[in-house]
Amino acid sequence: ERLGGGSKTRKAIEAAIAAANKEDPTFLLEPPSGTRDFEPADMRVRSWLFKKMKDAAVAFSFKEYDAPVLESVALFERKAGEEITQQMYNFTDKDGERVALRPEMTPTLARLVLKNTNLATGEVRVPLPLKWFSIPQCWRFETTQRGRKREHYQWNMDIVGEKSVTAEVELLGAMCYFFRSLGLTEEDVRIRVNDRKLLDKTMKDAGVPEELFSRVCVVVDKLDKIGADGVAEMLSELGISPEPILQTLAACREDDSSLGEDVELLFDLAEAYGFREFLVFDPSVVRGLAYYTGIVFEAFDRKGELRAIAGGGRYDKLLELYGGAKCRQIPCVGFGFGDCVILELLDDKRLVPELKPEVDFVVCPFSRKEQTAVAMVASKLRESGFSVDVALSPRKARAAFDLANRAGARMVAFVAPDEWSRGLVRVKDMLHKDSTTGEAKQRDVPFSDLPNL
Ligand SMILES: OCc1cccc(Br)n1
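Throughout what follows, the structure given in this document is the object of discussion. What you are looking at is a predicted structure, and each value in this text was computed from that prediction instead of being measured.

**Details of the overall build of the protein chain**
Part 1 of the argument: Secondary structure assignment for the protein chain yields 15 helices and 19 strands.
Part 2 of the argument: Taken over C-alpha atoms, the radius of gyration comes to 28 Å for the protein chain, far larger than the 22 Å a tight globule of 453 residues would show.
Part 3 of the argument: For the protein chain, the proportion of its 453 residues judged to be buried stands at 44%.
Part 4 of the argument: Taking the contacts inside the protein chain whose residues are at least 6 apart along the sequence as the reference set, 67% of them involve residues at least 24 apart.
Part 5 of the argument: As displayed, the protein chain has an accessible area near 23,700 Å², and 51% of this comes from carbon and sulfur atoms.
Part 6 of the argument: Positive and negative charge centroids in the protein chain, built from 65 and 73 side chains respectively, lie 5 Å apart.

**Thoughts on a negative patch on the surface**
Part 1 of the argument: A cluster of acidic residues, E30, D37, E39 and D42, forms a negative patch on the protein surface.
Part 2 of the argument: Checked against the element boundaries, E30 lands in the loop between α1 (7-21) and α2 (40-59).
Part 3 of the argument: By relative accessible area, which is 63% here, E30 ends up exposed.

**Quick word on the environment of L184**
Part 1 of the argument: Mapped onto the elements, L184 comes out in the loop between α5 (166-181) and β10 (189-195).
Part 2 of the argument: In sequence terms L184 and L346 are 162 residues apart; their C-alpha atoms lie 8.3 Å from each other.
Part 3 of the argument: For L184, the residues in contact, after removing those within four places along its chain, are F179, V189, F278, I342, L345, L346, K349 and L351.

**Section: the packing of aromatic side chains**
Part 1 of the argument: All told, the structure shown has 20 aromatic pairs when counted by the stated rule.
Part 2 of the argument: Look at Y89 and W139: their rings are 5.8 Å apart centre to centre, the planes differ by 90°, and that puts the pair in the edge-to-face class. Placement of the pair is Y89 in strand β3 (residues 89-92) and W139 in strand β8 (residues 137-139), with a sequence separation of 50 residues.
Part 3 of the argument: Among the residues examined, Y89 registers a relative accessible area of 22% and is labelled partly exposed.
Part 4 of the argument: On the basis of an interplanar angle of 85° and a centroid distance of 5.2 Å, the ring pair of Y89 and F141 is categorised as edge-to-face.

**A look at the layout of surface pockets**
Part 1 of the argument: Of the volumes computed, that of the second largest pocket is approximately 730 Å³.
Part 2 of the argument: The wall of the second largest pocket is formed by 21 residues, among which E210, S214, A290, Y291 and K317 lie closest to the centre.
Part 3 of the argument: At the level of secondary structure, the elements contributing two or more residues to the lining of the second largest pocket comprise α6 (196-205), α7 (213-220) and α11 (318-323).
Part 4 of the argument: Along the lines of polarity and charge, the residues of the lining of the second largest pocket split into eight nonpolar, two polar and 11 charged.

**Let's talk about the state of the cysteines**
Part 1 of the argument: One pass over the full model with this rule turns up zero disulfides.
Part 2 of the argument: Here C332 is not disulfide-linked; the sulfur of C327 is the nearest cysteine sulfur, at 10 Å.
Part 3 of the argument: Taking the relative accessible area as the measure of exposure, C332 reaches 0% and is therefore buried.

**Topic: the environment of G161**
Part 1 of the argument: Mapped onto the secondary structure, G161 falls in the loop between β9 (151-160) and α5.
Part 2 of the argument: Taking the C-alpha atoms as reference points, G161 and S236, separated by 75 residues in sequence, lie 37 Å from one another.
Part 3 of the argument: Among all residues touching G161, those that are not within four sequence positions of it are L128, P129 and P331.

**Examining the nonpolar core**
Part 1 of the argument: Core analysis: the largest hydrophobic core is formed by 51 residues, its most contacted members being W155, F179, I191, L279, F337 and I342.
Part 2 of the argument: The element best represented in this core is α5, accounting for nine residues.
Part 3 of the argument: Ignoring sequence-local partners within four residues, the contact set of W155 consists of M53, A56, A57, F133, S134, I135, A174, F178, F335, G336 and F337.
Part 4 of the argument: Ranked by size, the runner-up nonpolar core spans 23 residues in total, among them A67, M105, V285 and L319.

**Remarks on the site of the ligand**
Part 1 of the argument: The immediate surroundings of the ligand are formed by P103, C138, W139, R140, K149, E151 and H152.
Part 2 of the argument: R140 is positioned such that a nitrogen or oxygen atom in its side chain is 3.4 Å from a nitrogen atom of the ligand.
Part 3 of the argument: When isolated, the ligand has an accessible area of 290 Å², and the protein chains bury 80% of it.
Part 4 of the argument: Elements supplying a minimum of two residues to the shell around the ligand: β8 and β9.
Part 5 of the argument: For the shell around the ligand, the class distribution of residues is three nonpolar, one polar and three charged.

**Considerations on the pattern of salt bridges**
Part 1 of the argument: Tallying each qualifying case throughout the model produces 27 salt bridges.
Part 2 of the argument: We note a salt bridge from R102 to D66, for which the minimum N-O separation is 3.7 Å. Of this pair, R102 sits in the loop between β4 (98-101) and α4 (106-115) while D66 sits in the loop between β1 (63-64) and β2 (70-72), and the two are 36 residues apart along the sequence.
Part 3 of the argument: Look at R102 and you get buried, because its relative accessible area is 4%.
Part 4 of the argument: Judged by relative accessible area, which is 55%, D66 ranks as exposed.
Part 5 of the argument: Across the pair R287 and E298 runs a salt bridge, and its minimum N-O distance is 2.9 Å. Residue R287 is found in the loop between β11 (279-281) and β12 (295-301), and its partner E298 is found in strand β12; the two are separated by 11 residues along the sequence.
Part 6 of the argument: Given the relative accessible area of 19%, R287 is considered buried.
Part 7 of the argument: One network of salt bridges, with partners in common, ties together R192, D282, R287 and E298.

The rules behind the values
Residues numbered from 1 in each chain as written. Predicted model: local features only at pLDDT ≥ 70, side-chain atom pairs only at ≥ 80, totals over all residues. Heavy atoms only, no water. Helix = DSSP H or I, 4+ residues; strand = E, 2+ residues; numbered from the N terminus. Rg over C-alpha atoms; globule rule 2.2 N^0.38 Å. Buried < 20%, exposed > 50% of the residue type's maximum accessible area, 1.4 Å probe, protein only. Contact = heavy atoms within 4.5 Å. Areas by Shrake-Rupley, 256 points an atom, 1.4 Å probe, with all protein chains shown as cover. Lys, Arg positive; Asp, Glu negative; His and termini not counted. Charge placed at Lys NZ, Arg CZ, Asp CG, Glu CD. Patch = residues over 30% accessible without salt bridge, like charges linked within 9 Å, V, L, I, M, F, W, Y side chains within 5 Å. Salt bridge = Lys/Arg side-chain N within 4 Å of Asp/Glu carboxyl O. Phe/Tyr/Trp six-rings, centres within 6.5 Å; stacked < 30°, edge-to-face > 60°. 1 Å grid on protein atoms, 1.4 Å probe; cavity = no way out; pocket = protein on both sides within 12 Å on 5 of 7 lines; lining within 4 Å. Points joined across faces, edges and corners; volume = space filled by probe spheres on them. Nonpolar A, V, L, I, M, F, W, Y, C, P; charged D, E, K, R; others polar. Disulfide = S-S within 2.5 Å. Core = buried A, V, L, I, M, F, W, Y, C linked by side-chain atoms within 4.5 Å. Near = heavy atom within 4 Å. Polar contact = N/O pair within 3.5 Å; in protein donor to acceptor, adjacent residues only side chain to side chain.

Encoded structure:
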């Protein structure tokens, strides 16, 4: 009663209490449906992937930012019927505030920029353009029968304050730099590029009211899932004649001349940057977020077996939407890149490296009497910048070697009574064998020389 919650919550709590009372060992071992635990082996893969993302961001001079996972629901409420806003993980907190676990990061970025903007004049108080990145955990309340996740970590890269396609080129360049850093080439992944302004023109010519443009794009983004008939039906429900729009989507232009000047310039700059081979023009790409206003793009696996790897585009009107008419001159472009699909692709291509635990030293006492000495040795080594795993109980050689192997240690430092009485520590090299004996190389090192190992 105290915790509230629906019948499912109540049943889960009753089951948990019953299990706890029965001392049943199966007490809620798994995390909530659609979420993941990251034990150290999983965390090594995640940290490896995030480091590649951060290295790409830093190579393109993007600065890292973050914000609370909890945001006001109002920040995400839009009227275009997007899936992402219909699946919000939201609740009313004990202050009666309507809050949500963020489903995306872009509105938070907009909020941070507007915090630094004079809303009366639209003047941003920090130098533009901003090149910011973050790797936030984002949430959605998906129905579990779809077996899809409810959380993922989404690398966000955004440029605020540049209206030309040089901004899109930097973002796509960073994404391709990231792909290459993982060992992926244009044989593995491609990025479909389009310009929503091409579709906007079709809609305008077809007499579609401008206030419906975003809704049309959200519908058109479902083309792969519901097919042309499904899109036609949904457009008709909006009172829009589907033909002109479906024709624009189907038009596959061969020559570059009809791509529109922004896409043409983008492709030219990408050529100069050396990543043109990753790009392909696709007039059917619109992306499912209502706030895109210009170039949009999505990365996909060339075999076409996976969901979109990443997606993004220009959203020149979002800051005006939140900050008022004076903020109409703050152009933005960015992308979101989830951690799940890329890991599926890397796994399929055997490109996830074997990541074992690593430590410089295991320091091991011969007996309880040497524990004080072990503490001194460990501190000496750590002060010198080494990572040290202290054996918490005495071990003989074989057991100490096993511990060192499990810990991924480069070296083992034994503290034994005879050697220690002469100020010496026996150090064995775990990675290099003695060429004559085949045994681990070992030497007795004076305590004072430890920092020079
Ligand atoms: O890509 C849409 C999305 C948003 C939040 C969480 C997850 Br999983 N997926």
